Structures are given as structure tokens and as C-alpha cells.
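Observations on the three-dimensional arrangement
These are the residues of each chain, in order.
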Amino acid sequence: MPRPRPLPSAQLGRAFSVAEALRCGVPASRLRRGDLISPFRGVRLAIADDGWQPRCAAYATRMPATVVFSHVTAARLWLMPLPQHHREDERMHVTAVAARAPRGRGVVGHTTTRNPPTETIGALRATSPARTWADLSTVLTVDELVIIGDALVGLPVSISTCPELAQAVHEHAGRRGSAALHEAMPLIRVGSRSPRESRARLAIVRAGLPEPEVNGEIVLPRRIVHGDLVFRSWRVVVEYEGDQHRTDAWQWAHDLERYNDLAEAGWLLIRASRFLPDADLASRARRALRVRGWTG
């Protein structure tokens, strides 16, 4: 079988609609060749370009101006730390304003009567981070909402603020998921660097321990450091170590210097990995705090 003729430059390297290709003189027979797929009705995409982001771009070619990416799809575009099964959801979640919810193969449609706050991610229109977080309340647990909320206002770069999240909670009042949002909102803290820190903080507080500072600043004689979870009054700090702390020689040496400086300054250090269960971490924190005089 002869190789398919090259597509016009206007269609190379991106998704395009069938109508657009026909207007550019591409024969309908060319659009049925095996090097193209149809991720959505009326859309074509080169097999080599298939993937999550290209599929979003593909759907955008047929998406009316009154429709935006939302829910799990918007969360993935915003790189929110979703649970694994949601990160693997390849369907397009989209919301229409004052119109019937979009339908089709691989599409989950939603509808709203009022314009949701939206932003662009590259060239893609999506609900804002705060609105996306609120929309997720129908499929996430309270803890999962807290973890994502922490990430939105966290470090190293925040893409939302606590007032914006609070406004989203207010606007979501009376809708499904509103109770979970009201429970999650007071638990969100600025400064978290990872979902692991957020989960541990929740476990520690629910175990009846004092709430630690998230990435709290610690002034030492020779340097200023930041502890992942800091119990300042008792000079106890929890430090999480990802695999890069073990495999990166510079990071390993830098960590040793920090730990030695903390010990010299009288801080009791708890080192944790992702394999340490939250309940065990809470127990270790309890013992360390009692050694330092906590009587709770």
C-alpha cells in the first residue's frame, strides 16, 4: 500500500477538525488513512501525537466558545495531585454554560447556569483552579480535597489563594459536595510542598497531637533552614526524604549538614520516607513530643 500523502502544513503536528481539513483541500479519503485517528467525532489526530495533552487539544478543535474543560480534566491540566484512578481517567470532562451538556464517545458533559471563572492553560480554556477544586468535591474525599487545596496554595508555586478557595466554597453552597468542601476548607494550610506532608499533618492532628507548622523557618547559628513539619515549642521536626535524597550525592551531603546543624541546635529530628505509614509517624511524633515535655 502506498504511503499516505503528506498533510498540508496547516494540519501538521496538531489536531484538526475534518471540516477544516476539507476546506484546505484534503480529500476525505486521506482522512481515513491509518496514520490518523479520530479521538472524537469530526476530529483527526496523528497516531504519533496521541497522548493526554494532544487529546485535549483535539477536543478543543470542536469545542464551542460556551464550553470549557472542567472537573477531572481541568484538574489534570492544572497538574493537581489527583488520586491514581482519577489521573488515569482519559475521558474529557467539559462544562457547558446555559446549554445542554456535551455528549459523545469519551466525553463526560456537565452544565451550569452561570459562567464559571475560567483561565487558559496554553491554548486550552479550563475552569479556574479554585472552581475546579470545588467541582471535584463530588468525587473526592475530604482528605483528598485538603491535599489538593494545600497544593493549590502551596510551594514552590501557588496557583490559587485561600480567599479564592473560600469564594469557591461559597459559590458551591447547596450543591452536591458542598458539605465536603465546608469540612475541607478549614484544614487547608499555606506552605505545603507535597501531598505526603498534607496527609501526615492530617494524621498527626487527628491523633490528638499539636498541629505542626508546614515548612516552618528554623533559624540556626550558621544558617536558616525550613523543616517539613515543625513542632516549634518542643524543638521537634519531621523531615520527609524522597528517593532523590538517597541517589543525589549533593542532596545527600546537604541533608547531612542540615541534620547535624539541627542536632547541634537542640532539635529532635524524625526522618520519614513514603513507606512509613501515617499512623506510625504520628506515634513517633507523640513519643518525641513527650520526650520534649509535651503533656497532652
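A brief look at the structure comes next. Each chain has its residues counted from 1, running along the sequence as written. The predicted nature of this model means local features are confined to residues of pLDDT at least 70 and side-chain atom pairs, given and counted, to a pLDDT of 80 or more, with totals for whole chains, interfaces and linings taken over all residues. The basis for every side-chain value is the complete set of heavy atoms in the structure, and neither hydrogens nor water enter the calculation.

1. Focus: the sheet that holds strand β11 (residues 236–240)
Think of a sheet as strands paired side by side through backbone hydrogen bonds, with each pair either parallel or antiparallel. Following DSSP output, two strands are said to pair if at least two bridges run between them. Numbered from the N terminus, helices here are DSSP runs of H or I no shorter than four residues, and strands are runs of E no shorter than two. The four strands are arranged β9-β10-β11-β12 in an open sheet whose pairing can be described as mixed. Two strands close off the open sheet at either side, each with one partner strand: β9 (213–219) and β12 (268–272). Neighbouring strand axes in the sheet, compared pairwise and without regard to direction, differ in orientation by 50° on average. Pairing analysis gives six bridges linking β9 to strand β10 (residues 224–231), with the strands arranged antiparallel. For Ile 218, the partnering residue across the bridge sits in β10 and is Val 225. In what follows, a contact means two residues having at least one pair of non-hydrogen atoms within 4.5 Å. For helices, the fitted axis covers only the stretch in contact; all axes are lines through C-alpha atoms, and the angles between them, taken along N-to-C directions, range from 0 to 180 degrees. Most of the contacts of helix α9 (residues 195–206) go to β10, to which it runs at about 45°, and overall it touches β9, β10 and β11. Its contacts with the sheet place helix α12 (residues 278–291) against β10, β11 and β12, and it is angled at close to 175° to β12.

2. Re the nonpolar core
Phe 69, Leu 77, Trp 133, Leu 136, Leu 145, Ile 148 and Leu 165 are the most contacted members of the largest nonpolar core, which totals 40 residues. The greatest single-element share of this core, amounting to five residues, is contributed by helix α6 (residues 142–152). What Leu 165 contacts, discounting residues up to four positions off in sequence, is Ala 130, Trp 133, Gly 149, Leu 152, Val 153, Ser 160, Met 185 and Ile 188. Nine residue types can take part in a nonpolar core, namely buried Ala, Val, Leu, Ile, Met, Phe, Trp, Tyr and Cys, and a core is a set of them joined through side-chain atoms within 4.5 Å. Working definition: with a 1.4 Å probe on protein chains only, accessible area under 20% of the residue-type maximum means buried, over 50% means exposed, and in between means partly exposed.

3. Thoughts on the side chain of Asp 135
Along the chain, Asp 135 falls in helix α5 (residues 129–135). By relative accessible area, which is 3% here, Asp 135 ends up buried. Residues contacting Asp 135, with those up to four places away along its chain left out, are His 71, Thr 127, His 172 and Arg 175.

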